[in-house]
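# Close look at the chain arrangement
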Amino acid sequence: MSDYKNLIVTTKGEILFITLNRPEKLNALNQEMLSEIKVAIRKLYMDNTISGAIFLGNGGKAFAAGADIEEMLKIGDINARKYSEFGQEVFNMIEKSSKPIIAAIDGFALGGGLELGMSCHIRFCTQESKLGLPEVNLGIIPAFGGTQRLTRAIGRCRALEMMFTGKPIDAQTAYNYGLVNRVCSKETLLQEATELIENIITKSKISLGCIVESVNSFYEYEEDGYQTESNAFLQCCKTEDFKEGIKAFLEKRKPVFKGK
Ligand code: COA
């Protein structure tokens, strides 16, 4: 029996399929799901019979609509930093995997959902997908590496506009920005992702690992950016605006921010 409560993890051939599985909450990432992702990625690292992984979301409406906002109510001043650093740790593991990982995005990839997608090596999405970092609407900032990875992926101007406005972009814009590798139809998304990964894993595993390591080293001088992000997230979590942002989302109304 599976030990996962928030994921469906299956293998087909040499590929691990990791499905985010809280469809009633648009696959929002709670702490338990993040811990389970860590377990699944550890399996990818350790299991010699597995050569690559694909992330996807259950329910047909979302890859993941962000970190679990309800759970954020419990974040106090002390553990806001830990909360951010744990997300960063799990997503760094994904980014550093010597085995290829593809995000197959169908629907909303928002906040932590996009941050998860951006930590994968390759991203495909469907025409219906919406990608964004809407944390500003909650009085916080992306804290699982999103400020760093979005800027790397699409450049400072576009990243700032997306994070300032919180407005999601559509699939074609994401493709034009270089945020996704390919836009697929709903029907072919998984098949196209599987075909690509099947091709990649026929290559030398040593070469693949060395490519990931070398590409990641291009960004290593930016490592401090993750600490800056965690510190800034902690600052936001201490504010009245943060409480108002979360409350407004749960009450299904627009927040009224006072800048304190
Ligand atoms: N955390 C917790 N619950 C979430 C969630 C999140 N990030 N995103 C969606 N949900 C829940 C909703 O509260 C709702 O639960 P309910 O049925 O118990 O009320 C359910 O998922 C369906 O979402 P709903 O908002 O009714 O769907 P929609 O189609 O009207 O809107 C979105 C979809 C994605 C636009 C909207 O859910 C949204 O804005 N989500 C938050 C996105 C966000 O800010 N992410 C960053 C978080 S740090």
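These notes cover the structure that comes with them. Quantities reported herein were computed from a predicted structural model and do not represent experimental measurements.

## What to know about the pattern of salt bridges
Applying the stated rule across the entire model yields 13 salt bridges. Here Lys 38 and Glu 89 are joined by a salt bridge, their closest N and O atoms 2.7 Å apart. Of this pair, Lys 38 sits in helix H1 (residues 31-46) while Glu 89 sits in helix H3 (residues 77-96), and the two are 51 residues apart along the sequence. One salt bridge in this structure joins Glu 240 and Lys 243, with 3.9 Å as the shortest N-O distance. Remark: Lys 243 and Glu 240 occur in helix H11 (residues 240-250); sequence separation between them is 3 residues, near one turn of the helix. Salt bridges linked by common partners bring Glu 244, Lys 247, Glu 251 and Arg 253 together as one network.

## As for the sheet that holds strand E2 (residues 15-20)
Pairing within the open sheet is mixed, and its 6 strands lie in the order E1-E2-E3-E5-E7-E10. Among the strands making up the open sheet, the edge pair consists of strand E1 (7-12) and strand E10 (182-184). With strand direction ignored, the average angle separating the axes of adjacent strands in the sheet is 20°. Bridge analysis of E2 against strand E3 (residues 52-57) gives 6 bridges, and the strand direction is parallel.

## Points about unusual backbone geometry
Even without being a glycine, Asn 27 presents a positive backbone phi close to 60°. As for its position among the elements, Asn 27 is in the loop between E2 and H1. Note on Asn 27: relative accessible area 0%, which makes it buried. The backbone of Lys 252 shows a phi angle near 55°, a positive value even though the residue is not glycine. Relative to the helices and strands, Lys 252 is located in the segment after H11.

## Some points on the pairing of strand E5 (residues 101-105)
A large share of E5 lies buried, amounting to 5 of its 5 residues. Covered by surrounding structure in E5 are Ile 101, Ala 103 and Ile 105 together with Ile 102 and Ala 104, the residues of both alternating faces. Pairing between E5 and strand E7 (residues 122-126): 4 bridges, direction parallel. Bridging across to E7, Ile 102 finds its partner in Ile 122.

## Section: a negative patch on the surface
Together, Glu 213, Glu 220, Glu 223 and Asp 224 give the surface a local cluster of negative charge. Secondary-structure assignment places Glu 223 in the loop between helix H9 (205-217) and helix H10 (224-237). A relative accessible area of 36% means that Glu 223 is categorised as partly exposed.

## What to know about the sheet that holds strand E8 (residues 130-132)
Here we have 4 strands laid out as an open sheet, ordered E4-E6-E8-E9, and mixed in their pairing. Strand pairing shows two members of the sheet lacking a second neighbour, strand E4 (62-64) and strand E9 (169-170), which therefore form its edges. Direction of pairing for E4 relative to strand E6 (residues 108-110): parallel, over a ladder of 2 bridges. Of the residues in E6, the one forming a bridge with Ala 64 is Ala 109. Against the sheet, helix H4 (residues 112-119) makes contact with E4, E6 and E8, and its axis sits at roughly 90° relative to E6, the strand it touches most.

## Considerations on the nonpolar core
Ile 37 and Phe 55 are the most contacted members of the largest nonpolar core, which has 58 residues in total. Counting residues per element, this core draws most heavily on H3, at 7 residues. Those residues in contact with Ile 37, other than ones at most four positions away along the chain, are Leu 7, Leu 20, Leu 29, Phe 55, Val 90, Ile 94 and Leu 116.

## What about H11?
What H11 keeps buried is the set Asp 241, Phe 242, Glu 244, Gly 245, Ile 246 and Ala 248. Looking at the buried side of H11, the elements it contacts are helix H2 (69-72) and H10. You can read the cap of H11 off the contacts: a side-chain oxygen lies 3.1 Å from the backbone nitrogen of Phe 242, and it is on Thr 239. Two residues or fewer after H11 comes Lys 252, characterised by a positive phi angle close to 55°.

## Overview of the site of the ligand
Close to the ligand lie 18 residues, the nearest being Lys 25, Lys 61, Ala 65, Ala 67 and Ile 69. Taking Ile 69, its main chain carries an N or O atom lying 2.9 Å from a nitrogen atom of the ligand. Measuring from an oxygen atom of the ligand, one finds a side-chain N or O atom of Lys 252 at 3.0 Å. When the ligand is considered free in solution it has 860 Å² of accessible area, and contact with the protein chains removes 69% of it. Among the elements of the structure, H2 and E6 are those that each provide at least two residues to the shell around the ligand. Considering only residue class, the shell around the ligand consists of 11 nonpolar, 1 polar and 6 charged.

Procedures and definitions
Residues numbered from 1 in each chain as written. Predicted model: local features only at pLDDT ≥ 70, side-chain atom pairs only at ≥ 80, totals over all residues. Heavy atoms only, no water. Salt bridge = Lys/Arg side-chain N within 4 Å of Asp/Glu carboxyl O. Helix = DSSP H or I, 4+ residues; strand = E, 2+ residues; numbered from the N terminus. Pairing = 2+ DSSP bridges. Axes fitted to C-alpha atoms, helices over the stretch in contact; angles between N-to-C directions. Buried < 20%, exposed > 50% of the residue type's maximum accessible area, 1.4 Å probe, protein only. Patch = residues over 30% accessible without salt bridge, like charges linked within 9 Å, V, L, I, M, F, W, Y side chains within 5 Å. Areas by Shrake-Rupley, 256 points an atom, 1.4 Å probe, with all protein chains shown as cover. Lys, Arg positive; Asp, Glu negative; His and termini not counted. Charge placed at Lys NZ, Arg CZ, Asp CG, Glu CD. Contact = heavy atoms within 4.5 Å. Core = buried A, V, L, I, M, F, W, Y, C linked by side-chain atoms within 4.5 Å. Polar contact = N/O pair within 3.5 Å; in protein donor to acceptor, adjacent residues only side chain to side chain. Near = heavy atom within 4 Å. Nonpolar A, V, L, I, M, F, W, Y, C, P; charged D, E, K, R; others polar.

Purely geometric numbers; function is a separate question.
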